[in-house]
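Letter by letter, the chains look like this.
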Amino acid sequence: MMAKKPESVFLEEWLRSSSGTHENVLRHPSSVSAQAIIRAWADLRDSLQNQSFNSNHLQSLKTLINAQFSLYIADPQAKLLLSILSSQKVSLPQESYPLFVRLLYIWVRKSSRHSPGVIDSAVEVLLHLFSGHIHSSKSLSFLSEGVLLLGALSFVPSASEKSKTVCLKLLCQLLEEDYRLICLSERTIPNVLAGIGYALSSSMNVYFVRVLSCLMELWDKSDGPSASVSNGLMILHLMEWSFSNFINSYSSDKIDLFSREVLKNTRPTFSLFAAVMATAGVLRVINRSEQKALIELKTSAEERIEIIARGLVSSAGDAGYATMEPRKSFLLQCISLALSKSGPISYRPHVFLCLTTALLTEIFPLPHIYVKIQESPSGNLVGLVLNEVQQHLDSITFKEAGAITGVFCNQYVLADEENRSAVEDIMWNYCRDVYMWHRKVALILRGREEALLGNLEKIAESAFLVVVVFSLAVTKHKLVLSAPEEIQMRLSVRILVAFSCMEYFRRMRLPEYMDTIRAVLTRVQENEDACVAFVESIPSYDDLTNQAVPSSFQKMEYLWTTDEVQTARILFYLRVIPTCVECIPASVFRKVLAPTMFLYIGHPNGKVAKASHSVFVAFMSSEKDADPDERVTLKEQLVFYYVKRSLEGYPEITPFEGMASGVVVLVRHLPAGSPSIFYCIHCLIEKADSLCSSVNTTPETDLWRSWDGELEPFKKMLDLLFRLLSLVDIQVLPSLMKSLAQLVVKLPSSGQDMILNEIYQHVAESDDVTRKPTLVSWLQSLSYLSYQNTSKKAAKGAAKEIHDSMSGTADSLSMDKISARL
C-alpha cells in the first residue's frame with residue numbers, strides 16, 4: 001500500500017484524524033450492548049410492519065449509529081432500511097434521514113459482499129430522496145451523508161456501471177449546486193471529502209474530471225467552505241489515498257487525467273491551495289513507490305509547486321517583515337506544510353525562497369508580533385496580541401516547524417551559490433532583528449505581561465533551533481578546503497554573531513550547536529582579520545548601557561544589569577573571545593573589548609562576571625602580537641582598573657574564583673618588579689584589612705576557629721595572599737611579606753593563631769628552595785611578634801617595628817633586625 005493505511009474502514013474518520021487538529025481525532029467506539037443492537041433492529045422491523053415511525057424508532061436509529069464502529073450490517077438489514085425509506089405510508093421525521101443514510105454507508109463500507117440488486121435499490125432510493133421534498137429542506141447533515149454514501153456506492157466493485165454513473169452524476173450535482181451548505185459546519189467537510197475520494201477511486205472514468213474539478217474549485221468561492229490548513233491536510237491525505245488506489249488498480253487513465261487537469265493545467269477556477277495540497281499528496285505516494293514510470297509524473301508535480309511558489313516570491317518582493325496579504329500568507333503556510341509531508345523533492349529555487357519566507361514570516365513571525373506590541377497601547381496588549389500568539393503556538397504549521405526546517409535545509413544543500421548566499425543573509429539578518437526587537441519588547445512586558453512574553457520566547461526558542469540546524473548545514477557545505485578563505489572567514493564570523501543574537505533563547509544542550517561552534521571557531525581563531533571582525537561586532541559601551549524606550553513607555557527606567565537578552569549575548573562573546581584572544585591586537589582589545597570586559601566584571605550575575613574575568617586572564621596570558629611592547633604596556637595599564645573594579649565589588653558581586661585567577665595570572669605574566677604588581681598587592685592588603693575591620697570580633701569569638709559567616713571573604717583573601725608568596729617575583733616578595741605581617745599583627749590573638757597555622761602549612765608544603773629559607777625566617781619573626789602582642793597597643797607598636805625591621809634592601813632580603821631580636 002503506497003499510502004498510510006487508514007485506521008478505520010471509514011475514510012472520513014481517517015481524514016479527520018489526519019487534519020492535525022485536537023478536535024478531529026478518531027472517535028472511540030461507544031459501548032453499545034449486543035442486546036440493545038438486536039432490540040433496535042427489531043423496533044425498526046416493527047416500524048415497517050406497522051407502517052408507523054415514532055420517537056422510539058428514532059432512538060433505535062441513534063442506538064445503531066452509536067455502535068457504528070462495531071456494527072456490521074448485512075444485505076437483509078440494508079433492505080429493511082431501504083424499505084422504510086421508500087415506503088409511501090411511513091412518515092419519517094426530517095432528522096431521521098441522515099441517520100438512515102449513515103447506516104446505509106456503514107453497510108456499504110463494512111459488508112464484504114454486496115448484492116448488485118440491493119446496490120441498485122439503494123441508488124434508486126437515494127435518487128428519489130435527493131430529487132424530492134427531502135432535499136428541498138437543505139439539510140446540511142443530509143447533504144454530507146448523501147455525498148459520502150454516493151461516493152461509497154460508486155466505489156463498490158460489484159455495483160453496476162449504471163448505478164455508479166447515477167451516483168457520480170448526482171454527487172457532482174450536489175457539490176456544484178449546494179456547496180454553500182458545506183461552509184456552515186467544518187465538521188461535515190471530512191464527509192464531503194471522503195465522498196469525493198471514493199468517487200475519484202471508482203472504476204468509472206466518465207465523471208472523473210468533473211469530480212476532480214469539484215474538489216479543486218470548492219474553496220475559493222466567497223460563499224463556499226473555508227480554505228484552512230486543516231482542510232488542506234485532509235486534501236493531501238485524500239489524494240494520497242486516492243492516488244494509491246490508482247496505482248494499485250493500474251488506472252493509468254486516471255493518473256494521466258489528474259496530471260493533465262491539476263499538474264499541467266492553469267485553470268483559473270482551480271484553488272491554488274487545493275492544487276498545492278493535492279500535488280503534495282501525489283508526491284507523497286510517488287516518493288514511497290519504486291516504479292520508475294512515475295519519475296516523469298514526479299517532475300511535473302514538483303514543477304507545479306514551483307510555478308505557484310514563483311508567483312508568491314515575485315509578489316512578495318522586498319516586503320521584508322511587513323504584513324503579507326492574508327491569502328498569500330495562507331498559501332505560504334500551505335506550501336511549507338505540504339512539502340514537509342510530501343517527502344524528498346528536487347531543488348527548486350522559488351520553492352527554496354518560499355520556504356525561507358514561510359519560516360521567518362509565518363512559522364516564526366516574531367518581528368511582525370514585536371511591531372504590533374510596540375504600536376499597541378500598554379493597556380490593550382493582552383487583548384490584541386496574547387490570543388494571536390497562543391493560537392499560533394497551537395497551530396499545525398508551528399508544530400510542524402521541525403519537518404519544514406528539514407525540507408528547507410535539504411533545499412539549501414542542493415541550491416546554487418547565489419540563492420544560498422541570499423538565504424544566508426536573510427537568516428543572519430533575522431537573528432539580528434529578533435535580538436534588537438526582543439530587547440525592547442522584554443523591557444515593555446517584563447513584570448507586566450509575563451504570559452505574553454513567555455509565549456513569545458517559546459516561538460523564539462524554536463526559531464533558535466532552526467538557526468542552529470541551518471548553520472550546521474552551512475558549515476558542512478561551505479566551510480570546506482575548496483572554498484576561498486575569505487568566504488570561510490566571513491561566514492564563520494556571521495554565524496558566531498547570529499548565535500550571539502539568539503543565545504538568550506538557548507534553553508537546552510544541542511550537539512548541533514556545539515558542532516557548529518567548533519567548526520567556525522577553528523577558522524576564526526587562526527585568522528586575525530576574522531577575530532577582529534568578530535570582536536568589533538560587539539555592541540558599543542553606549543549601546544550596552546542605554547536602550548531606546550518606545551515613546552509610549554518613556555517612564556520606564558533602563559538598567560543594563562537587568563537586560564537579560566543583552567546579557568546572554570555578551571556572555572556568548574565573553575565565552576568565545578578567550579579561545580581567539582591571541583589573534584586580537586592590543587589596540588583592538590583596548591578600544592573595543594576592555595570597556596565591555598570591565599563593565600560586565602561588575603555584573604550581579606556571577607556566571608557573567610566570572611566570564612569577564614576569564615577574558616582578562618586570557619589576555620594577560622597571551623603573548624602573540626605584532627608589537628609585543630604595546631601588548632605588555634596595555635597589560636600593565638589594565639591591571640590598575642581591573643584590581644580596582646574587582647575589589648570594589650567583592651564580596652557582594654565579584655566572584656572570588658574569577659578575581660583570584662586574574663590576580664594569579666597578572667603576577668605570573670607581568671615583568672618582574674612591575675609597578676602594577678605592587679599596586680595589586682597593596683590593594684589586596686587594604687581590602688583584606690577592610691574586610692577584617694568590618695567584622696565585629698573579639699579574641700574569645702569562635703568565628704576565627706571556623707572561618708564561618710562574615711569572616712569567609714577575609715579568609716579567601718588571605719588564602720590568595722598566601723598563594724602569592726610562592727608566585728610573586730623576588731623583587732616583589734619583600735613588600736608582600738611586610739604587608740602581610742602588618743595585617744596579621746593587627747588581628748586578635750585567636751585570629752593570629754589561625755593565620756599562623758595556615759602560613760606554617762603553606763610554607764611547609766613549598767618546594768621552592770630559593771625562597772623557602774626567606775619565608776621560614778620571616779615566619780619565625782612573625783610568630784615571635786604575634787606572641788608578644790597581647791593588646792591593641794602592643795599590636796600597633798609591633799606593626800611599626802616590623803616596618804622598621806623589613807626596610808632593608810630588596811636585593812639581599814635582609815632580616816637582620818628581626819633575627820637579632822630572635
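Conventions adopted
Residues numbered from 1 in each chain as written. Predicted model: local features only at pLDDT ≥ 70, side-chain atom pairs only at ≥ 80, totals over all residues. Heavy atoms only, no water. Helix = DSSP H or I, 4+ residues; strand = E, 2+ residues; numbered from the N terminus. Buried < 20%, exposed > 50% of the residue type's maximum accessible area, 1.4 Å probe, protein only. Contact = heavy atoms within 4.5 Å. Areas by Shrake-Rupley, 256 points an atom, 1.4 Å probe, with all protein chains shown as cover. Axes fitted to C-alpha atoms, helices over the stretch in contact; angles between N-to-C directions. Parallel < 35°, antiparallel > 145°, perpendicular 65-115°, else oblique. Left-handed = near helix turned anticlockwise from the far one by under 90°. Expected span 1.5 Å × (residues − 1). Polar contact = N/O pair within 3.5 Å; in protein donor to acceptor, adjacent residues only side chain to side chain. Bend = angle between axes of the 7 residues up to and from the residue. Phe/Tyr/Trp six-rings, centres within 6.5 Å; stacked < 30°, edge-to-face > 60°. Lys NZ or Arg CZ within 6 Å of the ring centre and 35° of its normal. Salt bridge = Lys/Arg side-chain N within 4 Å of Asp/Glu carboxyl O. pLDDT = per-residue confidence, 0-100. Disulfide = S-S within 2.5 Å. Lys, Arg positive; Asp, Glu negative; His and termini not counted. Nonpolar A, V, L, I, M, F, W, Y, C, P; charged D, E, K, R; others polar.

Enquirer: Any details on the overall build of the protein? Residues and values, ideally.
Expert: Each helix and strand in the protein was counted, giving 41 helices and zero strands. Counting only residues that meet the buried cut, the protein has 56% of its 822 residues in that class. Relative to all contacts within the protein whose residues are 6 or more apart in sequence, the contacts with residues 24 or more apart total 77%. Split by element, the accessible area of the protein, about 35,400 Å² in all, is 52% carbon and sulfur.

Enquirer: Please provide a residue-by-residue account of the packing of helix α31 (residues 606-621) against helix α32 (residues 628-648), values included.
Expert: At a closest axis distance of 10 Å, the pairing of α31 and α32 adopts a crossing angle of 155°. By the criterion of interaxial angle, the relationship of α31 to α32 is roughly antiparallel. In this structure, α31 meets α32 at a crossing whose hand is left-handed. Taking contact as the criterion, the partners of H613, F616, F619 and M620 in α31 are, on α32, R631, L634, K635, L638, V639, Y642 and S646.

Enquirer: How would you summarise the environment of P595 if you had to cite specific residues and measurements?
Expert: Structurally, P595 can be placed in helix α30 (residues 586-601). Note on P595: relative accessible area 27%, which makes it partly exposed. As for P595 and Y541, which are separated by 54 residues in sequence, their C-alpha atoms are 6.6 Å apart.

Enquirer: Quick one: what's the story with helix α3 (residues 55-66), residue by residue and with numbers?
Expert: When the terminal C-alpha atoms of α3 are compared, their 17 Å separation across 12 residues agrees well with the 16 Å that a helix rising 1.5 Å per residue should span. Listed as buried for α3 are H57, L58, S60, L61, T63, L64 and I65. Structurally, α3 contributes buried residues whose contacts are with α2 (34-50) and α5 (96-110). Backbone nitrogen of N56 and a side-chain oxygen of the N-cap are separated by 3.0 Å at the start of α3; the cap is N54.

Enquirer: If you had to explain α30 to someone new, which residues and values would you point to?
Expert: With 16 residues, α30 ought to run about 22 Å at 1.5 Å a step, yet its terminal C-alpha atoms sit only 19 Å apart, falling short of that. Remark: the principal bend of α30, roughly 50°, maps to L593, with a proline, P595, within the next four residues. In terms of burial, α30 is largely enclosed, as 12 of its 16 residues are buried. Among the residues of α30, those classed as buried are A586, V588, F589, V592, L593, A594, T596, M597, F598, L599, Y600 and I601. Buried residues in α30 make contact with α27 (528-536), α28 (541-545), α29 (564-576), α31 and α32.

Enquirer: Lay out the packing of aromatic side chains in plain terms, naming residues and giving numbers.
Expert: Under the definition given, this model contains 32 aromatic pairs. Ring plane angle 25° and centroid distance 4.8 Å describe the contact between F534 and Y573, whose orientation is recorded as stacked. With F534 in helix α27 and Y573 in helix α29, this residue pair connects regions lying 39 residues apart in the sequence. Grouping residues by exposure puts F534 and Y573 together as buried. Between F640 and Y679, the ring centres sit 4.8 Å apart and the planes meet at 45°, which makes this aromatic pair tilted. Taken together, the residues span a long stretch of sequence, with F640 in helix α32 and Y679 in helix α34 (residues 675-693) at a distance of 39 residues. What makes Y679 partly exposed here is its relative accessible area of 26%. A network of ring pairs unites the aromatic residues F10, F69, Y105, F155, Y198 and W241 as a single cluster. One residue, R102, lies across the ring of F10, its end atom 5.4 Å from the ring centre. When the ring centre of Y412 is taken as origin, the NZ or CZ atom of R420, which lies over that ring, is 5.1 Å away.

Enquirer: An account of the environment of S612 is requested, with residue identities and associated values reported.
Expert: By secondary structure assignment, the location of S612 is in helix α31. Non-local contacts of S612, meaning those with residues more than four positions away in its chain, are made with L574, M597, Y600 and I601.

Enquirer: Describe the pattern of salt bridges, naming the residues involved and giving the relevant values.
Expert: For the structure shown, the criterion picks out 30 salt bridges. The shortest N-O distance in the salt bridge between R267 and E261 comes to 2.4 Å. The buried category is assigned to E261, whose relative accessible area is 5%. Taken together, the shared-partner salt bridges connect E217, R260, E261 and R267 into one network.

Enquirer: How would you sum up the confidence of the model for the protein? Please name residues and give values.
Expert: Residues of the protein with pLDDT of at least 70 account for 88%, and the chain-wide mean is 87. A low-confidence stretch, residues 790-795 (pLDDT under 50), is modelled with four contacts involving residues beyond four sequence positions or located in other chains.

Enquirer: Describe in detail unusual backbone geometry, supporting the description with residues and values.
Expert: Cis geometry marks the peptide bond from Y650 to P651; its omega dihedral reads 5°. Along the polypeptide, P651 turns up in the loop between α32 and α33 (656-669). Its identity as a non-glycine residue notwithstanding, Q51 has a phi of 55°, on the positive side. Positionally, Q51 belongs in the loop between α2 and α3. Overall, the relative accessible area of 31% leaves Q51 in the partly exposed class. A positive phi angle is found at Y250, which is not glycine, with a value near 55°. With respect to the helices, strands and loops of the structure, Y250 is situated in the loop between α13 (229-248) and α14 (252-263).

Enquirer: Help me get a handle on the state of the cysteines, residues and values and all.
Expert: A full pass over the atoms with the stated rule returns zero disulfides. Unpaired in terms of disulfides, C580 finds its nearest cysteine sulfur in C531, a separation of 4.1 Å. Under the relative-accessibility criterion, C580 is labelled buried at 1%.

Enquirer: Can you lay out the side chain of E306 for me, pointing to particular residues and giving the numbers?
Expert: Along the chain, E306 falls in helix α16 (residues 295-316). The buried charged residue E306 lacks any salt bridge, with R310 as its nearest oppositely charged partner at 4.3 Å. Here V351 takes part through its backbone nitrogen, which lies 3.1 Å from a polar atom of the side chain of E306. Excluding residues within four positions of it along the chain, E306 makes contact with R348, P349, H350 and V351.

Enquirer: Would you mind going over the packing of α32 against α33 in detail, with residue names and values included?
Expert: Two elements in contact, α32 and α33, have axes separated by 11 Å at closest approach and are oriented at 155°. It follows from the interaxial angle that α32 and α33 lie roughly antiparallel. With respect to the hand of their crossing, α32 and α33 are arranged in left-handed fashion. Across the interface between the two elements, V639, Y642, V643, S646 and L647 from α32 touch G658, M659, G662, V663 and L666 from α33. Split by residue class, the contact of α32 with α33 holds seven nonpolar, three polar and no charged.

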